[in-house]
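Secondary and tertiary structure notes
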Amino acid sequence: MSAVATPRATKSERWRIERAPTQPLWLTILSPVILVALALIVGAGLLSLTGSDPWLVYRRMAQLAFGSAYGWSDTTVKATPLILAGLGVSIAFRMRLWNIGAEGQLFLGAFMATGVALHWLPRDTPQPLMLLAMAAAGFVGGALWGLIPGLLKAKLNVNEIITTLMLNYVAIQWNNFFVYGPWSERGFGLSPQFPRNAWLPRLTDFAADFPFLRGLTAHFGILIAVALAVVLWVVWRSTRWGFEVSVVGDNPRAARYAGINLTRNIILVMALSGGLAGLAGMSEVSGVVHRLQERFSPGYGFTAIIVAWLAKLNPLAIILVSYLFAGLLVGGDAIQPAGIAQLLQGVILFVVVSGDMILRYRVRRV
Amino acid sequence: MEWVLLVNLLASGVRSGTAILFASIGEIFAERSGVLNLGVEGMMLMGAMTAFGVAHNTGNPWLGLLAAAGVGTVLALLHAFVTVTLRADQVVSGLALTFVGSGLSAVLGAPLVEIRQAPRLPTYPIPLLADLPVLGPILFNHNVIVYLGFLLIPAAWFYIYRTRPGLELRAVGEYPAAADVQGINVFALRYAYVMVGGFLAGVGGAALSLAITPLWIEGMTSGQGWIAVGLVIFARWNPVQAAVGSYLFGAIRRLPLDLQTLPLFLRNPAWGYFLNMLPYLFTVIVLVIGSREAMRRRAGAPAALGLPYVREERGA
């Protein structure tokens, strides 16, 4: 046991495993690719354990997700909330705040957007105004849901991992109350459909002018998501606040000595983080489901955590990784048994977190 | 009349809190050694699924319990390897473990969902004690797994606070460098206690599927693994306080079922969803209380919790 536990055996001092001071550029770029490939191999092992042919499963999944215009459109639909929520959690992670509550924040965002679309604004509100109000409400809903754990963390040092996670369950029950109670359509777990002016435009809506777009359901939300990723990329690269956040994440004590206000930043970051996840919820009800319903998210908020981590919190990488995972979801939807997509996500995260460490070390002769 | 209701509530609280009890005491062992394992939910799910499947296929619930403990241990070993040997981030590895556990249990357990009945662990009223008024039904008329939980509480407490290995466990979690100097094998102990945590989380899962809600449904823990992790903080890493918390949570989990029959909720069934929030809201409240206490008494988490131990580097 101890031989496993101590990577550097002290008896034979000829070889040492140690942390490499720098990582070559090719390894930085290539390592996610290597790690995902490795994860797929491990996943293949587990799949054959469950009695399915991994090669067939993978080929089927890839074909469904990326094999046609429809596939790409479906994948884009699922990538949209992943990018938005992934950007959200990445903001918090950058400050080493573990916001595991994106799922709940997404539900609250969807809830607020639904309130605007169905109840709080007149039904004949012009579409741009309606969508803008829904987006703002969605952001606020998610932000409030992130603010609660943020305040508790900043003021009382309450562990944010558990509070954000618990608030997920609360948000889902909150949503259930409304779709089965006051906002329900005849007691089913869904609200009435939104008026057309509360729908984010989809590709298929332009089929009258461009017939080849017929049936493609990718919606306007992807443009917002990509634009926000670029904005965030700029913020991290070239603003003072972006720099502050990473300083706090790397070394809170140094940040305090440098005069950075920790309390304010924790609260702000958690609210922003939740707000983006809330926007993901708005984009989902307005662009895809067109109503609020029970379990409209297949765990986007949780997948977003893996996405953000795999992308190393880089906003542009989050777009790419979101597409990969969206493909996994599109493919996973169509194959049995259910749960394979979730399993593969877990395996990828595991391989990435451990592989990352392995790649950071080198073997050296002493 | 109210007495009967209260006694019933407490009795079912003790029963349904048992799963959280095993999981949270397991997590106390892991965290005391300095390793945070957020994979409890995943290990419990795998434990529940394995226990149910093995009990169904062999006809022996005890084999199911054993298998669940084994599966939990193996999953925890994975976490130990990634965090202790590879020194990867404990939070991320734990999250990954939960994803893997939830996904794998859903995939492997898919055929088990159809099965309504599997052999359960036996219920055994303790002679004489079970006939006591009030205390009898609350404490002494239960499933065997509940009694095992009773035994675990003082045993864990005694081990941690009153034995030599318990002292070493705490040393490894508080100040691993000092423990290392004393000749304690920090790496081996961390491996061992993370695995103890997995073992107990597996048993907690088995308690669910073999006794408390004897069937298998995908995601049947519904956050109990996370509640267990939260309870550890509230309990300030003390098994006795964790037990109190677990049984309280068991009662709160049962509360919605009992309150649903009140006229108010019969008239507005959707309000029941607010009742379902109770255990989760309560976890948040309990965490706030725990954190305030920790700040006031300056007695918080094990000092080295979450930090990988590296021999050549300075500091804890």
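Residues numbered from 1 in each chain as written. Chains lettered and ligands numbered in written order. Predicted model: local features only at pLDDT ≥ 70, side-chain atom pairs only at ≥ 80, totals over all residues. Heavy atoms only, no water.

A tally of regular secondary structure across chain A gives 14 helices and 2 strands. Taken across its 366 residues, chain A has 56% of its residues classed as buried. Sequence-distant contacts in chain A: of pairs separated by 6 or more residues, those separated by 24 or more amount to 77%. For chain A, the exposed surface amounts to about 16200 Å²; the carbon and sulfur share of it is 65%. (Helix = DSSP H or I, 4+ residues; strand = E, 2+ residues; numbered from the N terminus. Buried < 20%, exposed > 50% of the residue type's maximum accessible area, 1.4 Å probe, protein only. Contact = heavy atoms within 4.5 Å. Areas by Shrake-Rupley, 256 points an atom, 1.4 Å probe, with all protein chains shown as cover.)

Turning to the interface of chain A and chain B, a few remarks are in order. Of the residues lining the interface, 52 residues belong to chain A; the matching set on chain B comes to 54 residues. Counting each side, the surface lost to burial between chain A and chain B is near 4700 Å², with a carbon and sulfur contribution of 81%. Put simply, chain A and chain B have 1 salt bridge between them. We note a salt bridge from Arg96(A) to Asp89(B), for which the minimum N-O separation is 3.1 Å. Taken together, the links from chain A to chain B amount to 3 residue pairs in polar contact (both at pLDDT 80 or more). Taken together, the elements giving at least two residues each to the side of chain A that touches chain B come down to helix H1 (2-5), helix H6 (127-156), helix H7 (160-180), helix H12 (300-310) and helix H14 (340-360) of chain A. A breakdown of the residues in the side of chain A that touches chain B according to their chemical character gives 34 nonpolar, 15 polar and 3 charged. (Buried area = accessible area lost by both parts, 1.4 Å probe. Salt bridge = Lys/Arg side-chain N within 4 Å of Asp/Glu carboxyl O. Polar contact = N/O pair within 3.5 Å; in protein donor to acceptor, adjacent residues only side chain to side chain. Nonpolar A, V, L, I, M, F, W, Y, C, P; charged D, E, K, R; others polar.)

A separate point is unusual backbone geometry. Phi is positive for Arg96(A), which is not a glycine, with a value near 60°. Among the residues examined, Arg96(A) registers a relative accessible area of 43% and is labelled partly exposed.

Within the structure shown, the criterion is met by 27 aromatic pairs over all chains. Aromatic pair Phe187(B) and Tyr309(B): ring centres 5.7 Å apart, planes at 40°, arrangement tilted. Here the residue Phe187(B) occupies a position in helix H9 (residues 186-212), and Tyr309(B) occupies one in the segment after helix H13 (272-297), the gap between them amounting to 122 residues. Through successive ring pairs, a cluster of aromatic residues spans Phe111(A), Trp120(A), Trp174(A), Phe177(A), Phe178(A), Trp183(A) and Phe274(B). A cation over an aromatic ring shows up here: Arg196(A) above the ring of Trp199(A), its NZ or CZ 4.2 Å from the ring centre. (Phe/Tyr/Trp six-rings, centres within 6.5 Å; stacked < 30°, edge-to-face > 60°. Lys NZ or Arg CZ within 6 Å of the ring centre and 35° of its normal.)

With that settled, consider the domain arrangement of chain A. All names here are of chain A. Splitting chain A by domain gives domain 1 (13-52 + 337-366) and domain 2 (77-332). For domain 1 versus domain 2, the distance between C-alpha centres works out to 29 Å. The interface of domain 1 with domain 2 comprises 10 residues on the first partner and 10 residues on the second. Summing both sides of the interface, domain 1 and domain 2 together bury roughly 1000 Å²; the carbon and sulfur share of this comes to 76%. At the boundary of domain 1 with domain 2, the tally comes to 0 salt bridges. Taken together, domain 1 and domain 2 are joined by 0 residue pairs in polar contact (both at pLDDT 80 or more). Broken down by secondary-structure element, the contributors of at least two residues to the side of domain 1 that touches domain 2 are helix H2 (25-49) and H14. (Domains from an automatic or database assignment.)

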